Amino acid sequence: MFTTDSTVPAGMTRRHWLQHLAMTSLAIPAMQFTRTLEANASTLKKEGKSCILLWMSGGPATIDIWDLKPGADTGGEFSPIKTAAPGVEISEHMPNVASVMNHLAILRSMSTVEADHTRGTYKMHTGYVPNVTMQHPSLGAVSAYELGPKLQDFELPHFISVSSPGLGAGFLGMAHAPFVVQNPGSPIQNLTPPGGLAGFRMENRLALQKLMDEQFIKDGRGIAAKDHKEVYEKTVRMMNSKRLDAFKLDSEDKKTKERYGENNFGRGCLMARRLVETGVSFVEVGLGGWDTHNQTFTAHKTRLQPELDKGMGSLVADLAERGLLEKTLIVWMGDFGRTPRINQDAGRDHWARSWSAVIGGCGIKGGQAIGKTNEDGTQVTERPLDAPDLMATCYKALGIPIDRQYTTPNGRPYWVVDKDANAQPIAELFS
Amino acid sequence: MKPDPNDPRLTAYALGELDGAERDAVEAQIKASPECSQAVEEVREIATLLADELKKEPAAALSQLDRIAIEAEAQKRHQRSSRFPWIGVAVAASVLVAVGAYFVMRDNPTDRFVQNTGVDDPAKNTDKQKPKKRTIAKKTTQPADSTDPDDSMKPDDSVESSATTIAESTTPDTATDTPDAAPAMDAAATLASEPSTRDNRTRFTQIDDVSWIDELVTALWKDNGIKPSAVASDGEFIRRAYLDIVGHVPPAAKAAAYIASRDKNKKSKLILDLVNSEDYTKHWAGIWSNLLIGRQPGRNIDGRALQKYLRDSFADNKPWNRLVYELVTAKGGSTTKSVEAGVAFNGATNFMLAHMNDGNVPATAFTTRLFLGVQVQCTQCHDHPFNDRTQEAFWGINAFFQKMQRQEHNDTDDTGRRRFLFSELRDADVDESSDLFVRFDKRTGLVAVTPPRLLDGRRVEKASDELNLREILGRYITDTKNDLFTQAIANRMWGHFVGRGIVHPLDDMGEHNPASNPELVTKLAENFRESNYDLKRLITWIAMSLPYSLSSETNSTNKDDDQYFSHYPLKQMSPDQFFDSLIVASQANEVGSKGWEAAEKMKKDLQDQFTTVFGNDENMEADTFTGTIPQALLMMNGSIMAKAVSKEKGSFLHERVDEISQQIATKKVKSLDQAYAALLNDLYLAAVSRYPNQKEKSLALLVLNDTAAKSKDRNLIDAYQDIFWALLNSSEFVLNH
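What counts, and where the lines are drawn
Residues numbered from 1 in each chain as written. Chains lettered and ligands numbered in written order. Predicted model: local features only at pLDDT ≥ 70, side-chain atom pairs only at ≥ 80, totals over all residues. Heavy atoms only, no water. Salt bridge = Lys/Arg side-chain N within 4 Å of Asp/Glu carboxyl O. Helix = DSSP H or I, 4+ residues; strand = E, 2+ residues; numbered from the N terminus. Axes fitted to C-alpha atoms, helices over the stretch in contact; angles between N-to-C directions. Parallel < 35°, antiparallel > 145°, perpendicular 65-115°, else oblique. Contact = heavy atoms within 4.5 Å. Nonpolar A, V, L, I, M, F, W, Y, C, P; charged D, E, K, R; others polar. Buried < 20%, exposed > 50% of the residue type's maximum accessible area, 1.4 Å probe, protein only. Pairing = 2+ DSSP bridges. Expected span 1.5 Å × (residues − 1). Arc of directions from axis to C-beta. Phe/Tyr/Trp six-rings, centres within 6.5 Å; stacked < 30°, edge-to-face > 60°. Lys NZ or Arg CZ within 6 Å of the ring centre and 35° of its normal. Disulfide = S-S within 2.5 Å.

Overview of the pattern of salt bridges
Tallied over the full model, the rule gives 55 salt bridges over all chains. A salt bridge links Arg 404 of chain A to Glu 146 of chain A; its shortest N-O distance comes to 2.8 Å. Separated by 258 residues along the polypeptide, Arg 404 of chain A in the loop between α11 (387-398) and β15 (405-407) and Glu 146 of chain A in helix α5 (residues 139-147) bring together distant segments of the chain. In this structure, Asp 722 of chain B and Arg 205 of chain A form a salt bridge, with 2.7 Å as the shortest nitrogen-oxygen distance.

Here we look at the packing of helix α24 (residues 596-614) of chain B against helix α25 (residues 629-637) of chain B
The packing of two helices is summarised by the inter-axis angle and the distance between the axes. All names here are of chain B. Close contact between α24 and α25 brings their axes to 9 Å; oriented N to C, the two are set at 150 degrees. Taken together, the axes of α24 and α25 are roughly antiparallel relative to one another. In contact with Gln 609, Phe 610, Val 613 and Phe 614 of α24, α25 contributes Pro 630, Gln 631, Leu 634 and Met 635. Class assignment of the residues belonging to the contact of α24 with α25 gives a composition of six nonpolar, two polar and no charged.

Quick notes on the side chain of Ser 646 of chain B
Residues and elements named next belong to chain B. Considering the arrangement of structural elements, one finds Ser 646 in the loop between α26 (639-644) and α27 (652-665). A residue is classified by how much of its surface remains accessible, and Ser 646, at 8% relative accessible area, is buried. In contact with Ser 646, other than residues within four places in its own chain, are Val 591, Ser 651, Leu 653, His 654 and Gln 721.

What about the sheet that holds strand β11 (residues 355-360) of chain A?
All names here are of chain A. Spatially, eight strands are ordered β6-β5-β7-β1-β8-β11-β4-β12 in an open sheet, and the strand pairing comes out mixed. The open sheet has two edge strands with one neighbour each: β6 (179-181) and β12 (368-370). The sheet shows a mean angle of 20 degrees between the axes of neighbouring strands, direction not considered. In terms of strand pairing, strand β5 (residues 159-162) meets strand β7 (residues 282-288) through four bridges, oriented parallel. Bridge assignment links Ile 160 to a residue of β7, and that residue is Val 283.

Considering the sheet that holds strand β3 (residues 418-427) of chain B
All names here are of chain B. Across the sheet, which stays open at both edges, the three strands sit in the order β1-β3-β2 with antiparallel pairing between neighbours. Unpaired on one side and paired on the other, β1 (332-333) and β2 (404-412) mark the two borders of the sheet. As paired elements, β1 and β3 share two bridges and run antiparallel to each other. Its bridge partner being in β3, Gly 333 is matched across the sheet by Glu 424.

As for the pairing of β3 of chain B
Here is the key point about a regular strand: its side chains alternate between the two faces of the sheet. Residue and element names in this part refer to chain B. In this structure, β2 lies alongside β3, joined through nine bridges in antiparallel fashion. Each residue of the ladder has a partner; that of Gln 405, found in β3, is Arg 426. The antiparallel hairpin formed by β2 and β3 contains five residues in its connecting segment, where Gly 416 sits at a positive phi of about 90 degrees.

Quick notes on helix α21 (residues 518-530) of chain B
Turn by turn, an α-helix covers 3.6 residues, leaving residues three or four places apart pointing in a common direction. Residues and elements named next belong to chain B. The terminal C-alpha atoms of α21, which comprises 13 residues, lie 18 Å apart, in line with the 18 Å expected from a rise of 1.5 Å per residue. Listing the buried residues of α21 in full gives Leu 520, Val 521, Leu 524, Ala 525, Asn 527 and Phe 528. With its buried residues spanning 165 degrees around the axis, α21 presents them on a single face. Exposed and facing more than 90 degrees away from the buried side of α21 are Glu 519 and Glu 530. As for α21, its buried residues are in contact with α9 (211-223), α15 (320-329), α20 (483-498) and α22 (535-544). Of the residues trailing α21, Asn 532 is marked for its positive phi of about 60 degrees.

Digging into the packing of aromatic side chains
By the definition in use, this model includes 24 aromatic pairs over all chains. Between Trp 320 of chain B and Phe 371 of chain B the ring centres are 6.4 Å apart and the planes differ by 70 degrees, which places this aromatic pair in the edge-to-face class. With Trp 320 of chain B in helix α15 and Phe 371 of chain B in helix α17 (residues 357-372), this residue pair connects regions lying 51 residues apart in the sequence. When its relative accessible area of 2% is taken as the criterion, Trp 320 of chain B is described as buried. Among the aromatic residues, those joined into a ring-pair cluster are Phe 237, Tyr 280, Trp 284, Phe 497, Tyr 548 and Tyr 568 of chain B. When the ring centre of Phe 430 of chain A is taken as reference, the NZ or CZ atom of Lys 396 of chain A above it lies at 4.9 Å.

Structural notes on the pairing of strand β5 (residues 447-450) of chain B
Residues and elements named next belong to chain B. Of the two faces of β5, the one holding Ala 448 and Thr 450 is buried and the one holding Val 447 and Val 449 is not buried anywhere. Alignment of strand β4 (residues 438-441) against β5, held across four bridges, turns out to be antiparallel. For Asp 441, the partnering residue across the bridge sits in β5 and is Val 447.

Side note on unusual backbone geometry
Residue and element names in this part refer to chain B. Cis geometry is adopted by the peptide bond preceding Pro 505, which originates at His 504 and carries an omega value of 0 degrees. You can see Pro 505 is positioned in the loop between α20 and α21. One non-glycine residue, Lys 667, lies in the positive phi region at around 65 degrees. Looking at where Lys 667 falls in the secondary structure, it is placed in the loop between α27 and α28 (672-688).

Things to note about the state of the cysteines
Residue and element names in this part refer to chain A. Tallied over the full model, the rule gives zero disulfides over all chains. The cysteine Cys 362 is free of any disulfide, with Cys 51 supplying the nearest cysteine sulfur at 7.9 Å. No disulfide involves Cys 394; its sulfur sits 5.8 Å from that of Cys 51, the nearest cysteine. Judged by its relative accessible area of 1%, Cys 394 is buried.

All quantities given are derived from atomic positions and should not be read as evidence of function.
Spelled out as structure tokens, the structure:
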């Protein structure tokens with residue numbers, strides 16, 4: 001308990017001294033609206049593990065990217081090229097990724113049943129099929145929920161979604177929904193007060209609001225009031241945080257920006273690197289347009305694969321160069337794959353029976369391909385894998401126990417990996 | 001010896017440093033003297049504040065405002081006076097001069113703030129009037145028997161006649177839930193006929209005695225040793241009544257009038273005005289639309305058509321059993337385009353249409369959960385772990401939907417692209433030879449079958465000509481003997497108002513989850529049934545009841561009570577309530593706008609921004625404020641807040657400044673003191689439906705002083721913007737309390 005005997009000035013009662021102290025050092029910390037929160041240098045660096053999910057919305061034709069079938073009548077127009085992983089070949093339009101293939105593993109035997117966009121997206125994000133009894137949280141929400149709180153003094157959101165709608169807090173609630181950034185490189189929406197507002201006015205606003213909230217809390221009405229205050233304090237800390245620089249790309253040199261690609265996805269990958277560098281636990285970066293029911297090869301050749309190649313290849317290389325790859329898990333996937341059969345519009349249609357995903361970083365043994373499909377790519381012949389297996393692998397790499405259980409608000413048990421699926425982390429990926 | 005508040009032993013006592021005889025002596029002294037008691041409290045408070053503070057990270061330098069606030073606070077405690085703090089007086093004098101100068105200046109036509117002084121263009125006035133139509137207590141002017149084309153939603157006469165040919169129930173089987181124990185009596189033969197409707201747009205005026213609610217609630221307080229909280233203040237009551245009944249806070253003028261009114265019946269008049277207002281129908285149509293199809297229903301679902309159907313139903317005060325019957329059995333076209341194709345338009349069809357995927361599994365889940373308050377969807381895949389329900393329960397209900405069919409109607413536009421027109425919802429023809437069984441997988445891997453089966457075990461074993469399964473399900477659900485149905489809605493409505501269902505969660509009723517007050521839910525349900533399922537009456541009973549009138553401030557006996565309704569809980573506003581309240585309080589959508597339509601468009605734009613950030617698909621009951629950083633950012637820095645606290649013409653702030661300036665000119669406001677206080681009152685009334693207390697008035701003065709000192713153009717209205725900003729961002733605004 002607080003005591004001040006030794007320092008009371010002569011002639012003053014302790015009671016007055018306490019009041020004097022209160023007057024000078026108390027109790028209403030100013031909500032300074034300047035960047036005065038100096039995080040010290042070491043805490044600005046990355047501590048825990050992170051994950052970057054590259055989400056290919058629309059269902060990418062993985063048979064033309066990761067598991068080509070030249071010679072088969074389903075083979076299509078592209079040829080395979082060698083990569084930095086011995087024995088593993090990928091599309092000729094992905095040379096940058098080919099050069100970092102030693103860090104990545106291709107899972108060629110994904111077989112996930114759901115060939116509908118909504119269901120496929122849901123399943124690949126959560127490891128579960130949609131179910132009327134609960135809204136499952138996604139890989140991102142669970143990772144952020146588990147890993148985020150381990151960080152000290154971290155003012156940014158733990159789950160950030162770039163150019164992607166950001167599915168996925170489920171029953172964990174809105175507070176764990178991703179923070180969405182639509183245009184990487186442009187200023188974040190609403191991060192600063194309207195232009196022209198003098199600093200002292202923002203301070204007054206925040207101080208007033210804080211005092212109002214404190215009074216309301218003192219009335220003893222319920223915890224919602226405290227939670228409201230905490231959300232605002234978290235937000236102001238974020239507004240003041242030096243880590244916000246991670247959202248800005250202007251400090252990167254021109255060469256780097258060109259390396260990643262001057263497009264939305266490239267900038268998103270560059271931002272993702274900066275975000276995990278400063279410690280964000282989960283970043284999802286979206287690249288859309290993969291739903292190529294017609295003219296699939298043109299779309300892949302002219303835009304999709306070049307953008308993917310530069311962004312993904314640079315990201316993996318950059319993370320490796322900076323020594324961040326050991327703590328950063330990379331996952332590449334989409335809602336489902338596409339038909340080996342080429343349709344009458346020179347396109348491919350939805351196909352979940354046999355497709356590829358890619359995983360690397362965070363201790364995963366790269367430079368290999370897991371599982372096989374047959375000659376024309378219509379069937380998985382070895383090591384079939386489903387979404388829960390992928391989830392289990394990701395959680396293991398991130399250090400999250402795969403039997404972790406939560407309870408939903410209406411009392412149902414939920415496991416981060418579907419118990420009924422008997423899924424296991426893919427052993428070949430771990431040493 | 002006269003007790004001396006400055007006795008150092010008091011300080012020592014307050015800090016817990018005394019024991020034994022000395023402590024006893026001091027305690028006696030405190031008991032004898034209120035001044036000593038006060039001094040001890042003071043010391044304790046300060047010590048706690050200091051201790052808390054020292055625990056936190058070092059604060060940055062205090063701003064000028066904080067220093068003034070601290071000194072004022074400390075002085076106030078020391079003096080125990082209700083005057084302005086000493087520093088406040090000196091400040092107030094100079095500030096009031098400045099404020100006064102400002103108000104006087106405002107009448108000067110060259111003042112850049114004012115666009116038009118003096119004569120108002122009558123045309124402009126009507127523009128200003130139109131948006132105000134949105135505010136409350138406007139009587140609907142539609143005649144009772146409208147010739148509304150939506151008459152197509154009236155009960156189909158042909159259906160009515162066939163219903164009467166089915167035998168009236170003798171004594172139906174008791175409503176037990178043990179599956180297969182009850183004999184398989186024919187469901188169709190033993191159900192009452194479908195509920196009747198009522199087109200009624202006359203003003204609802206019935207106020208009943210609700211002591212029966214109060215007695216049942218009070219009894220449990222006594223049993224549990226709980227003392228209820230005090231009754232809420234008038235401002236608190238009108239605010240919550242508005243929020244719960246019509247979905248937004250009261251306009252400032254309404255709040256002021258209610259607080260000032262000496263009418264003994266003001267409460268019942270308020271409730272009646274609210275349930276008769278247009279905003280009532282919009283609010284409840286919105287609530288039920290979200291419950292029925294969510295905020296983002298799938299492709300080709302016409303949410304607006306469903307909302308229109310619901311609004312008409314609530315405006316008619318359609319009996320609840322009739323409304324549910326119509327939703328479950330709806331047939332026809334989902335959009336107005338169906339009329340051209342010769343298919344009757346029925347907005348209600350959008351409910352079932354939204355849930356027909358996956359073999360009608362969602363339709364089964366939503367119907368049982370929303371209308372019967374039971375979690376049957378758990379038994380889709382396995383027998384329920386906590387109660388007696390088995391998979392038959394789920395699939396038996398699912399079987400009633402098996403003949404439901406949808407047909408999409410499209411055309412092609414000028415470029416040859418296919419364009420969706422409407423979905424037609426109908427039931428396939430059934431005759432004697434039809435198979436009525438559905439198949440489902442048991443966990444053992446075996447496939448089981450069930451015919452359509454109600455939750456009490458009654459089945460439809462045999463098909464017949466013209467059999468309509470959905471109508472049978474509808475009649476079962478809305479049967480006056482179906483207690484699940486009546487209790488579910490009574491419980492849900494109670495939970496909406498009082499903050500928590502008598503059974504909690506709302507949609508998990510059953511033996512495994514007993515009601516906190518079984519007699520209350522039973523009686524509420526019975527009376528609701530007796531009223532012929534009159535929603536406005538149910539709402540009025542709850543709104544006039546004692547539990548609904550209590551403050552949310554808890555006392556030592558009830559601070560942990562969350563099931564006996566001994567205090568109002570803190571409730572989160574829904575995104576719609578939040579947005580509408582912002583608009584009502586600030587008129588943000590009228591800022592700089594030219595006319596009603598522009599204002600409505602602005603409102604829609606702002607709302608889209610808002611729901612992107614605040615929309616939440618699951619209508620989850622949340623005890624905590626589930627705020628996110630993007631929401632806080634939007635509220636703090638977004639354009640909607642900029643408009644809300646704007647000084648520009650159209651905003652609430654501008655309007656009040658304008659009016660007060662005119663009142664100064666006409667001497668209706670007699671002093672600058674009054675003007676300043678009036679504006680502050682207006683902001684508080686608009687945001688939190690009450691008047692500022694002494695402390696808040698002092699704080700406002702401090703902000704004014706600070707602004708006067710630091711603002712480059714000495715525009716003191718800036719200070720009011722900042723105060724309004726703080727109010728609209730406070731938890732008191734955003735929470736329903």
